[in-house]
Amino acid sequence: MEAVFWLATLQSASLLHISVPCFCFRSGGEFSRKWHDGDQVQLANAAKYLCGMLSLMAKFAYARTGSTLWFVSFIVISLCTTMYQLYWDLVMDWGLLQRRSRNPWLRDELILTKKAIYIASMVVNSFLRFAWLHSFLSFRAGTDQQVVQFMFAFLEVLRRGLWNFFRLENEHSRMTKTIPL
């Protein structure tokens, strides 16, 4: 049993040593953009990456100690981080949830003609943003953990593909307003 604990700790430590520099590099890029462009929004985007790093560090601390305090900290930090990331996806990256838009709760310029696609995509993105909760739910009975992890990793790839489509669509809409084609 102790060997399993140390293996999990080693895997968590490897994840921490790989992920934290990536978070730092990404948030550092946002600080740099703020410095060069003077855009305050970049600081809020950097904070999004720093929150992700805090969540990962709380998860690592929980994996190492098994402490209830670290478990609760991980859950609270992760929930706040996920809500922040979800807001950023929908409002800042996709340009949606605009109350005064011609297309209520979407945005004025839509490339796709069916508004239901935007609504469905917001729901799917929201659901997949919270997919990390699977590790705390008890539906694991009778399933191979590697299969479950693969399934959720695959869903994350799909979420990022969906995110990229709507992010590019929003950027295209914004750029064609400022630079006519």
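One can find the structure itself at the top, above this paragraph.
Now for a quick tour of the structure. (Residues numbered from 1 in each chain as written. Predicted model: local features only at pLDDT ≥ 70, side-chain atom pairs only at ≥ 80, totals over all residues. Heavy atoms only, no water.)

## With respect to the overall build of the chain
Reasoning step 1: Along the chain, the regular secondary structure elements total five helices and zero strands.
Reasoning step 2: Overall, the chain shows an N-to-C arrangement of helices and strands of α-α-α-α-α.
Reasoning step 3: Within the chain, buried positions represent 31% of all 181 residues.
Reasoning step 4: Restricting the contact set of the chain to residue pairs at least 6 apart, pairs at least 24 apart contribute 60%. (Helix = DSSP H or I, 4+ residues; strand = E, 2+ residues; numbered from the N terminus. Buried < 20%, exposed > 50% of the residue type's maximum accessible area, 1.4 Å probe, protein only. Contact = heavy atoms within 4.5 Å.)

## Structural notes on the packing of helix α2 (residues 41-65) against helix α3 (residues 68-93)
Reasoning step 1: Between α2 and α3, the shortest axis-to-axis distance is 9 Å and the interhelical angle comes to 155 degrees. Judged on the interaxial angle alone, α3 and α2 are roughly antiparallel. Both α2 and α3 take part in a crossing whose hand is left-handed.
Reasoning step 2: Split by residue class, the contact of α2 with α3 holds 15 nonpolar, eight polar and three charged. (Axes fitted to C-alpha atoms, helices over the stretch in contact; angles between N-to-C directions. Parallel < 35°, antiparallel > 145°, perpendicular 65-115°, else oblique. Left-handed = near helix turned anticlockwise from the far one by under 90°. Nonpolar A, V, L, I, M, F, W, Y, C, P; charged D, E, K, R; others polar.)

## Points about a nonpolar patch on the surface
Reasoning step 1: Side chains of Val41, Tyr87 and Met92 sit close together on the surface and give an oily, nonpolar patch of about 250 Å² of accessible area.
Reasoning step 2: For tyrosine 87, the position within the fold is in helix α3. (Patch = residues over 30% accessible without salt bridge, like charges linked within 9 Å, V, L, I, M, F, W, Y side chains within 5 Å. Areas by Shrake-Rupley, 256 points an atom, 1.4 Å probe, with all protein chains shown as cover. Salt bridge = Lys/Arg side-chain N within 4 Å of Asp/Glu carboxyl O.)

## Observations regarding the packing of aromatic side chains
Reasoning step 1: The full count for this structure, using the stated rule, is six aromatic pairs.
Reasoning step 2: For the pair tyrosine 84 and tryptophan 88, a centre-to-centre distance of 6.4 Å together with 75 degrees between the ring planes defines the contact as edge-to-face. One end of the pair is tyrosine 84 and the other is tryptophan 88, both in helix α3 and four residues apart, which spans about a single turn.
Reasoning step 3: Using a relative accessible area of 23% as the deciding quantity, one classes tyrosine 84 as partly exposed.
Reasoning step 4: Residue classification places tryptophan 88 among the buried positions, given a relative accessible area of 5%.
Reasoning step 5: Centre to centre, the rings of phenylalanine 150 and phenylalanine 154 are 6.5 Å apart; their planes meet at 20 degrees, and the pair counts as stacked. In this pair, phenylalanine 150 and phenylalanine 154 both sit in helix α5 (residues 145-178), four residues apart, roughly one turn of the helix.
Reasoning step 6: Residue phenylalanine 150 is classed as exposed on the basis of its relative accessible area, which comes to 60%.
Reasoning step 7: Site record: aromatic cluster; members linked through ring pairs are Trp94, Tyr118, Phe165 and Phe166. (Phe/Tyr/Trp six-rings, centres within 6.5 Å; stacked < 30°, edge-to-face > 60°.)

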